[in-house]
Amino acid sequence: MNCAADAIAALRAGRAVGVDSLTVAAVETATDEFLALVDADGRASVLLSGARAAALGLANQRESASAREPVLVQREPWLDPGTVRGLVDAGRDFDRFGPGPLRTKGLTDPDAARAALALARSAGLMPALWLLETDASVRVTTAEATAAARPAHVTIAARAGLPVEGLATKAQIVAMRAEEDGSEHVALLVGAPAGKAPLTRIHSECLTGDVFGSLKCDCGPQLRAALQLMEAEGGGILLYLRQEGRGIGLANKIRAYGLQDRGLDTVEANHRLGFADDERDYALAAAMLRALGVNEVRLLTNNPAKLAGLEAQGITTERVAHRLPANPHNAHYLNVKRSKSGHLD
Ligand SMILES: Nc1nc2c(ncn2[C@@H]2O[C@H](COP(=O)(O)OP(=O)(O)OP(=O)(O)O)[C@@H](O)[C@H]2O)c(=O)[nH]1
Ligand SMILES: [Zn+2]
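What you see is a predicted model; the values in this text were computed from it and never measured.

1. As for the coordination of the zinc ion (ligand 2)
Okay, step 1: The protein atoms that coordinate the zinc ion (ligand 2) are Cys 206 (SG), Cys 217 (SG) and Cys 219 (SG), at distances of 2.1 to 2.2 Å.
Okay, step 2: Linear spacing of the donor residues for the zinc ion (ligand 2) on their chain is C-x10-C-x1-C. Separated by eleven residues along the polypeptide, Cys 206 in the loop between strand 11 (199-204) and helix 7 (207-210) and Cys 217 in the loop between helix 7 and helix 8 (219-233) bring together distant segments of the chain.
Okay, step 3: Its relative accessible area of 4% is what places Cys 206 among the buried residues.

Next comes the structure, spelled out in structure tokens:
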């Protein structure tokens, strides 16, 4: 039984989840009816990520608080569920002055709190949770929830041939499942990836760019160019990781786009939502390569974190630059990635 997958589904469905000593429910999905049942007298406090607390000006209220540490907001009589939903939603920051004054309080189990927030991110929800005083039927341990946020073990679920538009070479698609959270990821083997270090691309899911051709990023052109380069070499490996929005999930990425419409850049928008600039991790990519019998790659990327991430997992990695021409919509985004996120030229 995969407890973390159960817990992720429960958070999405607006139900309570136990993470060791804590019981939480997502602010985004818990309804008034549910809260009336589990928190009849309105005592549940509100757990925020450190980054979101910082955006609300709350991070420095306690000695130990830093942008990375979870922060617990004390419940006040005027802090009704609707007000809390507005407070945790960064898209509402521009509408009005926030309610207040808010006060933080100490956490009894910061590790479980951090793990519970990681679970909300795995569920693709805002990083904001009700801290309830009831029991939950779905329970995970801090260790299970933490591992689910950074899956590192895969099993091959299925494989088949796949004809791909624009490729004369045969491709094979291999579906893999992460053991920690049950998430599904894909490897596309183009031609015959031969030699000791095959040409490889680690591609993070971008529904808007990959499928709809969004011009806000460079994902679609990078994906297609990578396949062409692999074909030209006679073979290569594309790992398609379900790390939408640099690991914050689809709805949160679209929230980030909404904030970018208001003038924030790609990094500022993630912080305002309560996330780190980049929530991805590449242990899973390394595990997928190992499952394919590959220990050494030439990696198409401009992102040093991908190189470091694979090297840290013992995959020997050489970089092959992968820069595509900018367009008027993504030029600023690509500049910010270079100046703030350390992307290489
Ligand atoms: N949170 C967030 N995610 C974004 C944004 N734009 C694109 N993404 C996501 O960023 C990921 C791709 O990251 P990139 O930085 O383009 O590329 P990279 O994978 O880090 O590095 P390269 O290997 O050099 O392409 C995908 O998961 C996209 O969904 C944005 O403005 N905000
Ligand atoms: Zn993209």
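2. Quick look at the side chain of His 343
Okay, step 1: Checked against the element boundaries, His 343 lands in the segment after helix 14 (331-341).
Okay, step 2: If we ignore the near neighbours within four places in the chain, the residues touching His 343 are Asn 302, Asn 303, Pro 304, Lys 337 and Arg 338.

3. Examining the UniProt feature "domain: GTP cyclohydrolase II" (unreviewed entry) in the chain
Okay, step 1: Feature annotation in UniProt places "domain: GTP cyclohydrolase II" (unreviewed entry) on residues 170-319, given in this structure's numbering.
Okay, step 2: Annotated as 41% helix and 25% strand, the span residues 170-319 places its first and last C-alpha atoms 25 Å apart.

4. Regarding the environment of Arg 338
Okay, step 1: The topology assignment puts Arg 338 in helix 14.
Okay, step 2: For Arg 338, a relative accessible area of 28% translates into the label partly exposed.
Okay, step 3: Distance in space between the C-alpha atoms of Arg 338 and Asn 302 is 9.2 Å, their sequence separation being 36 residues.
Okay, step 4: The contact partners of Arg 338, leaving out residues within four places of it in the chain, are Arg 323, His 343 and Asp 345.

What counts, and at which threshold
- Once a new chain begins, its residue numbering starts again from 1 and follows that chain's sequence as written.
- Key to labels: chains lettered from A, ligands numbered from 1, both in the order written.
- With pLDDT at 70 or above as the cut-off, local features in this predicted model cover only qualifying residues; side-chain atom pairs require 80 or more to be listed or tallied, and sums for whole chains, interfaces and linings still use all residues.
- Hydrogens and water are ignored here; the side-chain numbers use all heavy atoms of the structure.
- Here a donor is an N, O or S atom found within 2.8 Å of the metal, or within 3.2 Å if the metal is Na, K or Ca; sites may look incomplete because water is not among the atoms.
- Under the scheme used here, helices are H or I runs from DSSP no shorter than 4 residues and strands are E runs no shorter than 2 residues, and both carry numbers assigned from the N terminus.
- The cut-offs for exposure are 20% and 50% of the maximum accessible area for each residue type, with area from a 1.4 Å probe on protein chains only; residues under the lower value are buried, those over the upper are exposed, and the others partly exposed.
- Should any heavy atoms of two residues lie within 4.5 Å, those residues are counted as being in contact.
- UniProt positions are given in the numbering used here, feature names are shortened, and annotations may be inferred rather than shown by experiment.

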